[in-house]
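# Fold and contact review
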Amino acid sequence: MRAATRRVQVKSSIAWPLVVDLLKFAALAAVLVALMSRATEDLGYHWQWYRIPRYLLTVSERNWSTGPLLAGFGVTLQITVVSLALALTFGLATALMRLSNAVLARFVARLYLELIRNTPLLVQLFFIYFVLSPAFAISGFASAVLALSLFEGAYVSEIIRGGILTIPRGQWEAAFGSGLDTWCTYRRVVLPQALRHILPPLTSQAISLIKDSALVSTIAIYDLTMQAQAIVSETYLVFEVWFTVAAIYLLVTLALSAAVTLMEKNRLITSTHQEAV
C-alpha cells in the first residue's frame, strides 16, 4: 500500500511540472508572436495565413491530397527513419570495435570517430554527394542517408559504449562462468541491461537527427525545408511559411522530448518501487 502511494506521488510530481512547462512555453510563444506581428507591421508586411492550409492539405468533396509541405515532411521522415536505423547499426558496430581486444578494430573505430566528429556535417554531405556519388552512382537520397547515418552513428557509438561500461563486471564474469561466449554475453546479458541507460540519450540523438536532416535541402532533396524554399520563392510568404515549418519541426521534436521525459521518469518510478519493496 505504501509503495503504491509513493508511485502515485511520483507520477503526480512528474505530471505537474510538465503542465507548468507547457503553460510557460505557450505564454512565451504568445509574446513572441505579438512582438513579431508588431515588428512586421512596422515593415509594412501583411500576414496571409489563409494561404498556408493549401500547402499542407487539400480537401475536396471526394478525396484529399497532401500539399507540398506535408509531402516534404514525408521525405524528411523517410530520411530520418532510414538514417536512424543505419546510425544505430554503425554506432553498435563501432562501440563493440572500441571495446574489443583487437588493435586493428580499435584503430579503425577511433579513426572513424575522429574523422566524423571533427568535420562539419555539411562538408561530409557535400563530399559524399559531389565526390562519392558520381564515382559509385549513389542517388541523392542515398547520399543524404549515408551522410546523416555516418555522422549520427559516431555519437550513437559513444552512447552505446557508455551504456555498456555501466554494466558491473560481475555480470560479465557470471555470463562467462555460465559458458556463454562473448557474442552471447553481449546479446543476452549486457545489451538488454544497457538498453535502459542508453534509450533516453538515443532518443535525444534522434531529435538531433531530425533537425540535422534539414541540411539535405542543400543537395536538392525535396524535403520539408526544400519545399518551403520553393514556396517562399513563388509566393513571398516568408514569415508564414517558415513559421509553419518551424512549428512542424517543433511538434515532432517536442513529442520525442516528451517520450524521453516519460522514459526517464518511468525509470525513476521503477527504482522507487524497487526501493519500497
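The structure presented is a predicted model; accordingly, all values stated were derived computationally and were not measured.

### Considering the overall build of the protein chain
Per the secondary structure count, the protein chain includes 10 helices and 2 strands. Start at the N end of the protein chain and walk to the C end: the helices and strands fall as α-α-β-β-α-α-α-α-α-α-α-α. For the protein chain, with 277 residues in total, the buried portion stands at 32%. In the protein chain, 70% of the contacts between residues at least 6 apart in sequence involve partners at least 24 apart. Counting only carbon and sulfur atoms, one obtains 67% of the accessible surface of the protein chain, whose full area is about 16400 Å².

### With respect to the pattern of salt bridges
Side chains that differ in charge, positive against negative, can pair when their charged atoms come close. Following the criterion strictly, the structure yields 3 salt bridges and no others. Note that Glu158 is salt-bridged to Arg161, the shortest N-O span being 3.2 Å. Taken together, the residues Glu158 and Arg161, both in helix H6 (residues 140-165) and 3 residues apart, mark about one turn of the helix. Overall, Glu158 belongs to the partly exposed group, its relative accessible area being 22%.

### Quick word on the packing of helix H3 (residues 68-99) against helix H9 (residues 224-235)
Put simply, H3 and H9 touch, their axes get as near as 7 Å, and they point 155° apart. Considering their axes alone, H3 and H9 lie roughly antiparallel with respect to each other. Contacts between H3 and H9 pair Pro68, Leu69, Gly72, Phe73 and Thr76 from the former with Leu224, Gln227, Ala228 and Ile231 from the latter. For the contact of H3 with H9, the residue count by class is 6 nonpolar, 3 polar and no charged.

### Examining the packing of aromatic side chains
What characterises a pair of aromatic rings is the spacing of the ring centres plus the angle enclosed by the ring planes. According to the stated counting rule, one finds 9 aromatic pairs in the structure shown. Members of the aromatic cluster, each reached through a chain of ring pairs, are Trp47, Trp49, Phe239 and Phe243.

### Here we look at a nonpolar patch on the surface
Residues Leu122, Phe126, Phe127, Phe130, Val131 and Leu215 make up a contiguous nonpolar surface patch of roughly 500 Å² in combined accessible area. With respect to the helices and strands, the residue Leu215 is situated in the loop between helix H8 (182-212) and H9. Taking the relative accessible area as the measure of exposure, Leu215 reaches 30% and is therefore partly exposed.

### Quick notes on unusual backbone geometry
With phi around 55°, Ala137 is a residue other than glycine that occupies positive phi space. Structurally, Ala137 can be placed in the loop between helix H5 (121-136) and H6. If you check the backbone angles, Ala220 has positive phi at about 65° while not being a glycine. Within the element layout of this structure, Ala220 appears in the loop between H8 and H9. For Ala220, a relative accessible area of 48% puts it in the partly exposed group.

### What about the environment of Gly153?
Within the secondary structure, Gly153 is located in helix H6. We classify Gly153 as buried; its relative accessible area is 0%. Through-space distance from the C-alpha of Gly153 to that of Leu84 is 8.2 Å; in sequence the pair is 69 residues apart. Once residues lying within four places of it in the same chain are set aside, the contact partners of Gly153 are Ala87, Phe90, Gly91 and Tyr112.

### A short note on the environment of Ala95
On the secondary structure map, Ala95 appears in helix H3. Sequence separation of Ala95 and Arg110 is 15 residues, and the distance between their C-alpha atoms is 9.8 Å. Ala95 has contacts with Ser157, Ile160 and Arg161, leaving out every residue within four places of it along the chain.

### Description of the packing of helix H4 (residues 103-117) against H6
Where H4 meets H6, the closest approach of the two axes is 9 Å, and the angle between their N-to-C directions is 120°. Accordingly, the angle class assigned to the pair H4 and H6 is oblique. Considering the relative orientation of H4 and H6, their crossing is left-handed. On H6, the residues touching Tyr112, Leu113, Ile116 and Arg117 of H4 are Ser149, Leu150, Phe151, Gly153, Ala154, Tyr155, Ser157 and Glu158. Partitioning the contact of H4 with H6 into residue classes produces 7 nonpolar, 3 polar and 2 charged.

Parameters and conventions
Residues numbered from 1 in each chain as written. Predicted model: local features only at pLDDT ≥ 70, side-chain atom pairs only at ≥ 80, totals over all residues. Heavy atoms only, no water. Helix = DSSP H or I, 4+ residues; strand = E, 2+ residues; numbered from the N terminus. Buried < 20%, exposed > 50% of the residue type's maximum accessible area, 1.4 Å probe, protein only. Contact = heavy atoms within 4.5 Å. Areas by Shrake-Rupley, 256 points an atom, 1.4 Å probe, with all protein chains shown as cover. Salt bridge = Lys/Arg side-chain N within 4 Å of Asp/Glu carboxyl O. Axes fitted to C-alpha atoms, helices over the stretch in contact; angles between N-to-C directions. Parallel < 35°, antiparallel > 145°, perpendicular 65-115°, else oblique. Nonpolar A, V, L, I, M, F, W, Y, C, P; charged D, E, K, R; others polar. Phe/Tyr/Trp six-rings, centres within 6.5 Å; stacked < 30°, edge-to-face > 60°. Patch = residues over 30% accessible without salt bridge, like charges linked within 9 Å, V, L, I, M, F, W, Y side chains within 5 Å. Left-handed = near helix turned anticlockwise from the far one by under 90°.

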